[in-house]
Every structure is written in structure tokens, then in C-alpha cells.
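Below are the chains, spelled out letter by letter.
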Amino acid sequence: MTGRLSGKRAFVTGGASGLGEAIVRRYVAEGASVVIADIDAATGAALANELGAKTRFVSLDVSSEESWLAALATCDAIDVLVNNAGITTLGSIEEVTLDQFRHEFDVDVVGVFLGCKHVIPKMRPQGGSIINMSSMTGVRAQANLAAYNAAKAAVTHLTKSCALHFAQQKYDIRCNSVHPGAIHTPIIDKVLAQSDDPEALYAFFVSSHPIGRLGKPEEIAAICVYLASDESAFATGAEFRVDGGSTI
């Protein structure tokens, strides 16, 4: 299918690489115009230049309200917001420092909060879809991901709170969370680099998926197309698990 997002105006955080890049590429292929928002200006601008007239890059530090307001001010209207930017901190409750914990929440939770809050004026007149990137660990915890588990669980419930508010206020805005399993992106490589035994950790990631492999960025982009499209008009406040069976 093509043209499922024709006429849609999308804003994708963390859009320069990894899952964000896959989502941007698929959205453009489906007819959307896309703002690539990222803290990595060089990579984001290069991607926008590659994809052409239907994309542009805007610098965004998702943990900063000032940065959000400046980025959104460049948009007349937004039909789809994908709160994808995030980090992953490896470590148990004994290993993670307070600074690491706060930084995880600043990016993964505060960033989603600010996006959901400040996109409303850009989305409310015509309606739209907010897609928040959570994780399988936002549903099922792991001992060595204390900060990440807590942050993604917060994203899951923040999504539901937003969905209820939008419905009660009669805004035509839906809000859903996507819960990937381990997807082989640069973030996985960064997590592995934090480990004393990267090979064993990679094997653990694979073994935690009954399907027997890690996911591909394109497989997450596919569910994000559905949630951005009018096909998902009756879906809000839901958890979309694309995790190879990890949370069964």
C-alpha cells in the first residue's frame, strides 16, 4: 500500500537515526511531509537533504521546554507527533547513579510530557495522532534496566492519561504507546558497550524473544504508519506491543 499518509504533517523526535529514521523514511514513502527533530544536527540535516522536499530538519533537545517551543513554532500545524527520542541506561538499582536516573527521566519522560503538552495547539484544530515510544520493559521489568524500566512505565501511563484527557475534552486527538522489543539499532550498540560481557548480553536479548531474534526498525515503523493513519481512528490509550512475544 502507498499513500496511507498522504497530506499528513508529521513531527518525529529522534528522527535522525535508528527507529526514528526508519519511521521518517516510511512516512515519506506513504506520502507524509515530515519534520525530522533531533539533537544531532549533522545527521538530521543530512537525512532531510537525502529525502528531499517533503522533509526538513529542526534542532530539538527534548528535555528542554524552550527547545520544544522553538521547534514547534516552525510548524503551522501537526497531524502526527511521534515521541521517539530516547536513551537507554544499563544498570540495576544498586549500579545506576542519581544523575543517570535523572538524565534517563529528563529525556524519556520529560521529553514525552513536553511533546504531548505543547503539540496540542498545533493539533487540536484539525485533530491528529500522538505516538509515544515506550518499550516491552514498560510492561515487564528487567533487573539490569532500573532507570529505563521506570521511565518507560511512566511513558505508558502518561499516554493513557493524555488519551483520557483528549477524549473528555472532545479533542479529536488520539494518543497511543508503542512497545518494541529489542530492536537492532545504534541504541542497542550503545547498551552493549556499557556491558562487561557484550556477547552474553546480546545473547540474552535474543533469548528473551520467543520469536528467536531481535526486531528490525522497519517492523516498528510499520505499526507507526497504522497509528498515524486514519485506519487507527478508534484506537486511543492503547499499548501496541511489537516485541517478538517477549511480554506474553
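Residues numbered from 1 in each chain as written. Predicted model: local features only at pLDDT ≥ 70, side-chain atom pairs only at ≥ 80, totals over all residues. Heavy atoms only, no water.

1. A closer look at the side chain of Thr-88
- One can find Thr-88 in the loop between strand 4 (80-83) and helix 4 (98-118).
- Excluding residues within four positions of it along the chain, Thr-88 makes contact with Glu-104, Leu-145, Tyr-148, Ile-187, Val-191 and Gln-194. (Helix = DSSP H or I, 4+ residues; strand = E, 2+ residues; numbered from the N terminus. Contact = heavy atoms within 4.5 Å.)

2. Let's talk about the pattern of salt bridges
- Tallying each qualifying case throughout the model produces 10 salt bridges.
- Here Glu-50 makes a salt bridge to Arg-25, at a shortest N to O gap of 2.9 Å. Residue Glu-50 is found in helix 2 (residues 41-51), and its partner Arg-25 is found in helix 1 (residues 18-29); the two are separated by 25 residues along the sequence.
- Connected through salt bridges with shared partners, the residues Glu-21, Arg-25 and Glu-50 form a single ionic network. (Salt bridge = Lys/Arg side-chain N within 4 Å of Asp/Glu carboxyl O.)

3. Here we look at helix 4
- Between the first and last C-alpha of helix 4 there are 28 Å, a value that for 21 residues agrees with the 30 Å anticipated at 1.5 Å per step.
- Within helix 4, the axis deviates most sharply at Asp-106, by approximately 35 degrees.
- Turning to helix 4, its buried residues number three or more, namely Glu-104, Val-107, Asp-108, Val-109, Gly-111, Val-112, Leu-114, Gly-115, Cys-116 and His-118.
- Residues of helix 4 that are buried sit in contact with helix 3 (65-72), strand 4, helix 5 (120-123), strand 5 (128-133) and helix 6 (146-168). (Expected span 1.5 Å × (residues − 1). Bend = angle between axes of the 7 residues up to and from the residue. Buried < 20%, exposed > 50% of the residue type's maximum accessible area, 1.4 Å probe, protein only.)

4. Concerning the packing of aromatic side chains
- Applying the stated criterion to the full structure yields 5 aromatic pairs.
- Between Phe-204 and Phe-205 the ring centres are 6.2 Å apart and the planes differ by 45 degrees, which places this aromatic pair in the tilted class.
- Phe-204 gets classed as partly exposed once you look at its relative accessible area, which sits at 36%.
- With relative accessibility at 7%, the residue Phe-205 sits in the buried group. (Phe/Tyr/Trp six-rings, centres within 6.5 Å; stacked < 30°, edge-to-face > 60°.)

5. Notes on the packing of helix 3 against helix 4
- At a minimum axis separation of 10 Å, helix 3 and helix 4 run at an interaxial angle of 40 degrees. As the angle between them shows, helix 3 and helix 4 are arranged oblique. Crossing handedness for the pair helix 3 and helix 4: right-handed. From helix 3, Glu-65, Trp-68, Leu-69 and Leu-72 reach across to helix 4, where they touch Gly-111, Leu-114, Gly-115 and His-118.
- In terms of residue class, the contact of helix 3 with helix 4 is made up of 4 nonpolar, 3 polar and 1 charged. (Axes fitted to C-alpha atoms, helices over the stretch in contact; angles between N-to-C directions. Parallel < 35°, antiparallel > 145°, perpendicular 65-115°, else oblique. Left-handed = near helix turned anticlockwise from the far one by under 90°. Nonpolar A, V, L, I, M, F, W, Y, C, P; charged D, E, K, R; others polar.)

6. What to know about the confidence of the model for the protein
- When the pLDDT values of the protein are averaged, the result is 95; 100% of them are 70 or greater.
- The element-level mean pLDDT for the protein is lowest in helix 7 (residues 186-193), coming to 81, with strand 4 highest at 99. (pLDDT = per-residue confidence, 0-100.)

7. What about helix 9 (residues 217-228)?
- Here helix 9 spans 16 Å end to end across 12 residues, near enough to the 16 Å set by a 1.5 Å rise per residue.
- Burial in helix 9 covers these residues: Pro-217, Ile-220, Ala-221, Ile-223, Cys-224, Val-225, Leu-227 and Ala-228.
- Looking at the buried positions of helix 9, the neighbouring elements they touch are helix 1, strand 4, strand 5, strand 6 (173-180) and strand 7 (239-242).

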